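Observations on the model geometry
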Amino acid sequence: WKKISEADASNDELYEMKITFNRMIDYLRENFEKQEMFVSDASHELKTPISIVKSYSQLMKRRGADNPELLEESTEAIESQADRMQKLVEQMLLLAKLKDGEDYKPFNIVELCRSAAETFEGAYHRDIVFNATADNVQVNGSDDQLQQVVYILMDNAVKYSQNTVKLSVKRDGGYVEVAVQDKGPGIPESEQEKIFDRFYRIDQSRSRETGGTGLGLSIAKTIVRVHNGTLTVSSEKGAGSTFTLTLPVSHES
Ligand code: ADP
């Protein structure tokens, strides 16, 4: 940065200053608009559970006293909507907090994936097939955040499919590829880009049944982006989906 006083600035320098200033304004405006959109999307998403909670509590007040069935139905609905709001708020905070470069260190991504496969097998009693072409591939980054990415992809795979889920790790030169493959309903081509958008769900009612918030993949994509990686999907309707995460291998590997 060079300080230019107006008195000795040439026309070229003033022109350059103007361009820089305009770029800054564009950058600030763009970020402000993104922030505004986030707040408006988030409020919209919270409106539904809040109105469900309100209508069930009014129902309980009016007719709950001598109706144990209604009381049970209402308290269950209120609890599940409260869970949903809690998840939404936690994920929104996570998305707002994500920054690059914090607590980055080299770690073994193969071990991270192996342990994720075991965790999901244990927690969901599902058949998870794990394979890796190497025992140790080092990646530089936040292991917590990248574990979250693998968990989001695995969580979707077990949530949206009934069969075996495959988790594989493959080193390819200076990159490592982590693929999560399911034999679920698949994702139509026209939806494949949109599913990475905040709050986007293909089938609202089915996703709501499965407790989804529509934030998982956008969190995953943001984490991967700050780690200089890519996250893509290849899928065919009816045949299943494969999500592939590609990351640069650490120089120490
Ligand atoms: P959600 O919390 O709804 O799962 P995500 O951002 O993780 O949110 O996913 C967005 C949408 O993408 C999901 O609602 C679902 O419609 C679709 N989707 C994600 N993963 C899969 C998958 N493995 N198979 C089929 N559809 C999927």
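Before reading further, recall that the structure is shown in the block above.
This report concerns the structure included in the present document. Residue positions are given per chain, counted from 1 along the sequence in the order it is written. It should be noted that, the model being predicted, local features are given only for residues of pLDDT at least 70 and side-chain atom pairs only at 80 or more, the latter also being counted only at that level, while totals for whole chains, interfaces and linings use all residues. Calculation of side-chain values draws on the structure's entire complement of heavy atoms; hydrogens and water are dropped beforehand.

As for a negative patch on the surface
Taken together, the side chains of Glu69, Glu72, Glu73, Glu76, Glu79 and Asp83 present a region of like negative charge at the surface. Only runs of H or I of at least four residues qualify as helices and only runs of E of at least two qualify as strands under DSSP, and these elements are numbered from the N terminus. Here Asp83 lies in helix α2 (residues 68-97). Residue class for Asp83 comes out partly exposed when judged on its relative accessible area of 44%. Residues enter a patch when their relative accessible area is above 30% and they make no salt bridge; the linking distance is 9 Å between like charges and 5 Å between nonpolar side chains (Val, Leu, Ile, Met, Phe, Trp, Tyr). The Shrake-Rupley method, run with a 1.4 Å probe sphere, supplies the accessible areas, and residue values consider only the shown protein chains as cover. Here, a salt bridge means any side-chain nitrogen of Lys or Arg that lies within 4 Å of a carboxyl oxygen of Asp or Glu. In this tally Asp and Glu are treated as negative and Lys and Arg as positive; neither His nor the chain ends contributes. Every charge is mapped onto a representative atom, which is NZ of Lys, CZ of Arg, CG of Asp or CD of Glu. When a residue's accessible area, from a 1.4 Å probe over protein chains only, is under 20% of the maximum for its type it is buried; when over 50% it is exposed; and in between it is partly exposed.

Brief notes about the environment of Asp41
Structurally, Asp41 can be placed in helix α1 (residues 11-63). Expressed as a C-alpha distance, the spacing of Asp41 and Phe199, which sit 158 residues apart in the sequence, is 7.6 Å. Here, two residues are considered to be in contact whenever any of their heavy atoms come within 4.5 Å of each other. Those residues in contact with Asp41 that sit more than four places away from it in its chain are Arg198 and Phe199.

Concerning the sheet that holds strand β2 (residues 128-132)
At least two DSSP bridges between two strands are required for those strands to pair. Strand order in the open sheet formed by five strands is β2-β4-β5-β7-β6, and the pairing between neighbours is mixed. Across the chains shown, the open sheet's two edge strands, defined by having one partner strand only, are β2 and β6 (230-236). In this sheet, neighbouring strand axes are inclined to one another by 15° on average, regardless of whether the strands run parallel or antiparallel. Relative to strand β7 (residues 240-248), strand β5 (residues 175-182) runs antiparallel, the two being bridged by eight bridges. Looking across to β7, one finds that Val180 is bridged to Phe243. Comment: axis = line fitted to C-alpha atoms, over the contacting stretch for helices; angle = value between 0 and 180 degrees taken between N-to-C directions. Strands β2, β4 (165-172), β5 and β7 of the sheet are contacted by helix α3 (residues 109-124), whose axis makes an angle of about 170° with β2. Sitting on the sheet, helix α6 (residues 216-226) touches β6 and β7, and the angle it makes with β6 is about 140°.

Side note on the site of the ligand
Residue proximity to a molecule or strand is established when one non-hydrogen atom of the residue lies within 4 Å of it. Contacts to the ligand come from 18 residues, most closely from Asn156, Tyr160, Asp182, Thr213 and Leu217. Pairs of N or O atoms are called polar contacts if they sit within 3.5 Å, as long as, within protein, a hydrogen donor faces a hydrogen acceptor (for residues adjacent in sequence, only side-chain-to-side-chain pairs). At a separation of 2.9 Å, an oxygen atom of the ligand approaches a polar side-chain atom of Asn156. With respect to the ligand, the backbone of Leu217 contributes an N or O atom lying 2.8 Å from an oxygen atom. For the ligand, the protein covers 97% of the area, taking 530 Å² as the surface of the free molecule. Secondary structure elements with two or more residues in the shell around the ligand: α4 (143-160), α6 and β7. For the shell around the ligand, the element with the highest residue contribution is α4, accounting for three residues. Gly falls in the polar group here, along with every residue not listed as nonpolar (Ala, Val, Leu, Ile, Met, Phe, Trp, Tyr, Cys, Pro) or charged (Asp, Glu, Lys, Arg). Class assignment of the residues belonging to the shell around the ligand gives a composition of eight nonpolar, seven polar and three charged.

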